[in-house]
Amino acid sequence: MPIFSVKHSTVYRYKQLVSFGDHRLMFRPRDSFDQRLLDHALFVKPEPKEVRWIHDVFGNCVAVIEFKGSANELHFVTDIRLNHTPQHAPDFRIDEAALNYPFSYDPDEVADLARTMERHHADDGDEVGKWARQFVSATGNTETGKLLMTLCYAIHESFVYSRRFETGTQSPLMTLHLRKGTCRDFALFMMEAVRSLGFAARFVTGYVYVPSRDCDAVRGGGSTHAWCQVYLPGAGWIEFDPTNGIVGNRDLIRVAVARHPQQAIPLSGSYSGSASSFLGITVEVKVAKETGGNKISSA
């Protein structure tokens, strides 16, 4: 199994000295059976007054950073190493009752899944729902796994990836009309599409390993990446990356999960000063696969 290393640098620059409010940083991957954190380090400049760790409502690790004094530059550098077990093909061991769509979740699970099954964005004409239903067989015999894989691949093949530097995520309806967007846009669009069919879905933020940064076949490298998970009875939460057409966790490093993209912003915070004080931001991300990863045994 490979070992991935991630170095993530973010620099904010200002015209003059400004003071900083608390910042929240998500960079520590979620430990699981398919990825195990080996090392992590955090460097912040200027030196913070305090760094404390919390678990948010979804169980994600969040570093809350408190500052003192003022500066004209704010610099965050994070380093992680993790053991990653790739799943090149999804293990769709779905409960027999859910092998074909439509199906119903167990009432005990619905109590916890309910908010991830709700659509979160206005769509008066149900355009996103109509787009999703075109992949449901008119004969009423649609394999659940095949339906979700087809949806994921359809976004990958018929929508255009377009890097956007503005903050935020565009609405699923806008993504459908434009037929282009970022990885966050595509993840949210797929979430709303499968939710319109009655599935539970949640947002994932993390990183993607790109074997060659010069290769256009994999998108989303060089920055944080986003995809989604869909809950299937018996199989659990399954990864779907519509940006790259990946089903399963291959090359995906999971950092945080949330019901909505706004709940999983990798870095957020504030500063005291005029809006014109802000000069810009520089983000650099490098994801590498270490050689000799098979020497590390899993726990």
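The structure reproduced in this document is the subject of the present report. (Residues numbered from 1 in each chain as written. Predicted model: local features only at pLDDT ≥ 70, side-chain atom pairs only at ≥ 80, totals over all residues. Heavy atoms only, no water.)

### Looking at the overall build of the protein chain
Right, so step 1: Looking only at helices and strands, one finds five helices and 18 strands in the protein chain.
Right, so step 2: Expected size for 299 residues packed as a compact globule is a radius of gyration near 19 Å; at 20 Å, the protein chain falls within 12% of this value.
Right, so step 3: Overall size of the protein chain, expressed as C-alpha extent along the three principal axes, is 65 × 50 × 40 Å.
Right, so step 4: Each of the 299 residues in the protein chain was classed as buried or not, and the buried ones make up 48%.
Right, so step 5: In the protein chain, the proportion of contacts linking residues at least 24 apart, taken out of those at least 6 apart, comes to 75%.
Right, so step 6: Of the roughly 14,600 Å² that the protein chain leaves accessible, carbon and sulfur atoms contribute 49%. (Helix = DSSP H or I, 4+ residues; strand = E, 2+ residues; numbered from the N terminus. Rg over C-alpha atoms; globule rule 2.2 N^0.38 Å. Buried < 20%, exposed > 50% of the residue type's maximum accessible area, 1.4 Å probe, protein only. Contact = heavy atoms within 4.5 Å. Areas by Shrake-Rupley, 256 points an atom, 1.4 Å probe, with all protein chains shown as cover.)

### Describing the sheet that holds strand β11 (residues 200-208)
Right, so step 1: Taken together, the five strands give an open sheet; going across it, the order is β14-β13-β12-β11-β15, and neighbouring strands pair in antiparallel fashion. Each having just a single partner strand, β14 (246-247) and β15 (252-258) make up the two edges of the open sheet.
Right, so step 2: In the sheet, β11 pairs with strand β12 (residues 225-232) via seven bridges, with the strands oriented antiparallel. Within β12, the residue paired with Arg-202 across the bridge is Gln-229.
Right, so step 3: Relative to the sheet, helix α1 (residues 107-117) contacts β11, β12 and β13 (236-241), its axis offset from that of β11 by approximately 65 degrees.
Right, so step 4: Lying over the sheet, helix α5 (residues 183-195) contacts β11, β12 and β13, oriented at roughly 15 degrees with respect to β12. (Pairing = 2+ DSSP bridges. Axes fitted to C-alpha atoms, helices over the stretch in contact; angles between N-to-C directions.)

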